[in-house]
Amino acid sequence: MATNKNGPSLTTNRLALFPDSTRIRKDSLTIAGRTLASLADEFGTPLYIYDRATMDASVDSYKAGLGAHYTASSEITYAGKAFLCKAIAEWTCQHKLWVDCTGEVEIGIAMAGGVPRDRILVHGVNKSNADLISALRHAGTIVVDNMTELERISSLFSDPRFNDPLQPMRRLFPNIWLRLQPGLAVETHHAHTQTGQSGSKFGMTPSEIIEAAEICKSSNMPMTGLHFHQGSNFRDTSPLVSAIELGIDLVKENGFNEPWHFCPGGGWGTSYHEDELPQPDIEEYVRVITEKVNEKCKSTGLSLPYLHLEPGRSLVARAGVAIYRVGTVKRRGDRTWVLTDGGLADNLRYAMYGTKYTCLTATHLSREMNERISIAGPYCESGDVIIEDLPMPKVEEGELIAIPVSGAYHLSMSSNYNGARRPSVVWLEEGSARLIVRRETPEDLYQRDLSII
């Protein structure tokens, strides 16, 4: 096992960040029985792989927590913004998850993957007309972010395209949830991942929620739920408690329809680097939420709601691994640059948030980690860096680098910068590897272009 002269086995610690089915065999990394080297040879690089076993286990952990601590009905929502494609949508159906969609394209992907209407939930802080029309036609729930949006929805409530005016509560029209800005943020590693604080662009203040509730009741719209979200990738549950109390008080005061739905968001964290271990405890997260909901509903005399959790990255991040091939190594004094074929175009998170990643080589894992390297991509941008100053063995050109915890907010935020083509995505399950998203071609990039000649 590769070790660092100044500490315990780094390889062992880093393996804890990889998918559940990861093993070392003949000094090489395997996931779901396949070597990463063979996957790179078959599908090319950059390559993203998703391990089904890890995703299944994450869902099971949330369901077990809810089953142990909550006696009423509950649901788990997959965050489409983390990464959504047809195959992932199909997987959510197998687990009977809801799918959080932002805009008409994500709604379309969910539909293509067979997600039932009543499990499509639509978010968005500035939904376009096309987004709203798609949500009204195909979604079961719309989370209303602001008063302007609510007024637009209200004007469509009696439109025969979306409802039967003789049956105004008919299920064809989506349920309406109101998004609260609780004025409380959770502690995250970057301000850009906080959403619940006062002054945030997300949601409505308590006074706006009261006004929105009046509009819903006067229009007889199906106002069935309250939602809030305080931030992404956090570990401390304490700010959730006050926000849950505020949210349930607002429901009590404003007469939401029964049975009512309550979603205290999601964003529970995951570890990206060995320095961040151990992984945040899912059961503890679920316990804190459910105990407070139970306690607050009892004290206010409210029935227990359908409780919704939006696990976000903690369902999918650790299931994903990015595989890059090293093209050039530059050793200059005390700085070693390892330049790969992937980077900023498929992973913006270091540039945007300073996310601290780690990695392993795909082969020759028993080497001593006696060098410190920085990993960057091929793009003409100084910010095209993924990892800095990481203990590693002496990496050579042509080797494969595997970066764990790459399953969330990589591909969904990817771009075509410098003509980059979005990478292939492979689904791993019990020794099988299936292509679920093909690599973009040059034709994909310029087929929308029109000539001026």
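Of regular secondary structure, the chain possesses 13 helices and 20 strands. Its C-alpha atoms give the chain a radius of gyration of 23 Å, within 12% of the compact-globule value 22 Å for 453 residues. On the principal axes, the C-alpha backbone points of the chain span a range of 70 × 65 × 40 Å. Relative to its 453 residues, the chain shows a buried fraction of 56%. The contacts of the chain with a sequence gap of at least 6 include a subset with a gap of at least 24, amounting to 70%. Averaging the positions of the 46 positive and the 55 negative side-chain charges in the chain gives two centres separated by 3 Å.

Quick look at the sheet that holds strand β12 (residues 306-309) now. Backbone-to-backbone hydrogen bonds pair the strands of a sheet. The strands run either parallel or antiparallel. If you walk around this closed barrel you meet the eight strands as β5-β6-β7-β8-β9-β10-β11-β12, and the pairing is parallel. On average, each strand axis in the sheet is tilted by 25 degrees relative to the strand beside it, whichever way the strands run. Taken together, the four bridges between strand β8 (residues 141-144) and strand β9 (residues 175-180) define a ladder with parallel strand orientation. Residue V144 lies in a different strand from β9, and its bridge partner there is L178. In this fold helix α3 (residues 52-69) packs onto β5 (74-79) and β12, with an angle of close to 155 degrees to the strand it touches most, β5.

Once that is clear, we can look at helix α7 (residues 147-156). Of all the residues in α7, the buried ones are M147, E149, L150, I153 and L156. Those residues of α7 hidden inside the fold are in contact with α6 (129-138), β8, β9 and α8 (206-219). By the N-cap criterion, in which a side-chain oxygen at the helix start approaches the backbone nitrogen of a residue two or three places on, α7 is capped by N146, the distance to T148 being 3.3 Å.

With that out of the way, let us pick up empty space enclosed by the protein. Taken as a whole and assessed by the stated rule, the structure comprises one cavity of 30 Å³ or more. Its volume calculated, the largest cavity comes out at about 40 Å³. If you trace the largest cavity, you find ten residues lining it, with L360, T361, L365, M369 and P393 closest to the centre.

Once that is clear, we can look at the nonpolar core. The biggest cluster of nonpolar side chains holds 98 residues, and the ones touching the most others in it are Y62, Y78, L178, F262, V293 and I403. Setting aside chain neighbours within four positions, we find L178 in contact with V144, M204, I209, A212, A213, C216, M223, G225, L226, H227 and F256. Counting 22 residues, the second-largest nonpolar core is a separate cluster that includes L29, I49, L360 and M369.

This brings us to the packing of aromatic side chains. This structure, assessed with the given rule, holds nine aromatic pairs. Ring centres 5.9 Å apart and planes at 65 degrees place the aromatic pair F228 and F262 in the edge-to-face group. Pair noted here: F228 is in strand β10 (residues 223-228) and F262 is in strand β11 (residues 261-263), with a separation of 34 residues, a long-range link. Note on accessibility: F228 and F262 belong to one class, buried. By the ring-pair criterion, three or more aromatic residues cluster together here, those being Y62, W268 and Y285.

With that settled, the discussion passes to the sheet that holds strand β2 (residues 28-31). Within the open sheet, the three strands sit side by side as β1-β2-β3. Their pairing is antiparallel. Of all the strands in the sheet, just β1 (22-25) and β3 (34-35) have a single pairing partner and so form its edges. In terms of strand pairing, β2 meets β3 through two bridges, oriented antiparallel. For T30, the partnering residue across the bridge sits in β3 and is T35.

Let's shift gears to the environment of E253. When you line up the elements, E253 lands in helix α9 (residues 238-254). Taking the C-alpha atoms as reference, E253 lies 9.9 Å from T300; in sequence the two are 47 residues apart.

All right, on to the layout of surface pockets then. Its volume calculated, the largest pocket comes out at about 1,000 Å³. K81, T102, E106, Y409 and S412 are the residues nearest the centre of the largest pocket, which is lined by 41 residues in total. Every element with two or more residues in the lining of the largest pocket is listed here: β6 (98-102), α5 (104-112) and α12 (349-353). By residue class, the composition of the lining of the largest pocket is 16 nonpolar, 14 polar and eleven charged.

Closest axis-to-axis distance for the α6/α7 pair is 11 Å, and the angle between their directions is 50 degrees. Classed by the angle they form, the pair α6 and α7 counts as oblique. Between α6 and α7 lies a crossing whose hand is right-handed. Contact residues: N129, L132, I133 and L136 in α6; E149, R152, I153 and L156 in α7. Here the residues of the contact of α6 with α7 are counted per class, giving five nonpolar, one polar and two charged.

Scored by pLDDT, the chain comes out at a mean of 90, with 91% of its residues at no less than 70. Between residues 1-8, whose pLDDT stays under 50, and residues either more than four places distant or in other chains, the model counts 21 contacts. A low-confidence stretch, residues 186-196 (pLDDT under 50), is modelled with 42 contacts involving residues beyond four sequence positions or located in other chains.

Where α5 is concerned, the buried positions are E106, I107 and A110. On an axial view of α5, the arc spanned by its buried residues comes to 105 degrees, and they lie on one face. The inward-facing, buried residues of α5 abut α4 (86-94), β6, β7 (120-123) and α6. Looking at the residues trailing α5, positive phi occurs at G114, about 85 degrees.

The omega angle of the peptide bond from T45 to P46 is -5 degrees, so this bond is cis rather than trans. At the junction of L277 and P278, the peptide bond is cis and its omega measures out at 5 degrees in the coordinates. Here P278 shows up in the loop between β11 and α10 (282-300). Positive phi is not limited to glycine here, since A32 has a value of about 55 degrees. Mapped onto the secondary structure, A32 falls in the loop between β2 and β3. A32 gets classed as buried once you look at its relative accessible area, which sits at 10%.

Rules and cut-offs
- Throughout this document, residue positions are counted from 1 along each chain, in the order its sequence is written.
- Two thresholds apply to this predicted model, a pLDDT of at least 70 for residue-level local features and 80 or more for giving and counting side-chain atom pairs, whereas whole-chain, interface and lining totals are computed over all residues.
- With hydrogens and water excluded, all non-hydrogen atoms of the structure serve as input to the side-chain values.
- A run of H or I in DSSP counts as a helix once it spans at least four residues, and a run of E counts as a strand once it spans at least two, with each numbered from the N terminus.
- Here the globule rule is a power law, 2.2 Å times the number of residues to the power 0.38, and the radius of gyration is based on C-alpha atoms.
- Working definition: with a 1.4 Å probe on protein chains only, accessible area under 20% of the residue-type maximum means buried, over 50% means exposed, and in between means partly exposed.
- For this analysis, residues touch if any pair of their heavy atoms sits within 4.5 Å.
- Charged-residue counts in this description rest on Lys and Arg as positive and Asp and Glu as negative, His and the chain ends being excluded.
- By convention, the charge on Lys lies at NZ, on Arg at CZ, on Asp at CG and on Glu at CD.
- Two strands are said to pair when DSSP picks up at least two bridges between them.
- Working convention: axes come from line fits to C-alpha atoms, limited for helices to the stretch in contact. Angles between N-to-C directions cover 0 to 180 degrees.
- Two N or O atoms form a polar contact when they lie within 3.5 Å of each other; inside protein one atom must be a possible hydrogen donor and the other a possible acceptor, and for residues adjacent in sequence the pair counts only when both atoms belong to side chains.
- Here a cavity denotes grid points, spaced 1 Å and computed from the protein atoms alone, that fit a 1.4 Å probe unable to get out, and a pocket denotes an open set having protein on both sides within 12 Å along at least 5 of 7 lines; residues with an atom within 4 Å of a point are the lining.
- Grid points are joined across faces, edges and corners, and a volume is the space filled by probe spheres set on the points.
- The term nonpolar core refers to a set of buried residues drawn from Ala, Val, Leu, Ile, Met, Phe, Trp, Tyr and Cys, joined through side-chain atoms within 4.5 Å.
- Aromatic rings from Phe, Tyr and Trp, taking only the six-membered ring of Trp, are treated as a pair when their centres fall within 6.5 Å; an angle between ring planes under 30 degrees marks them as stacked, one over 60 as edge-to-face, and anything in between as tilted.
- In this classification, Asp, Glu, Lys and Arg are treated as charged, Ala, Val, Leu, Ile, Met, Phe, Trp, Tyr, Cys and Pro as nonpolar, and every other residue, Gly included, as polar.
- Our angle categories are set so that under 35 degrees counts as roughly parallel, over 145 as roughly antiparallel, 65 to 115 as roughly perpendicular, and the remainder as oblique.
- Note: crossing handedness is left-handed where the near helix turns anticlockwise from the far helix by less than a right angle, and right-handed where it turns clockwise.
- What pLDDT expresses is the predictor's confidence in each residue, scored from 0 to 100.
- The reported arc concerns the directions from the helix axis to the C-beta atoms and nothing else.

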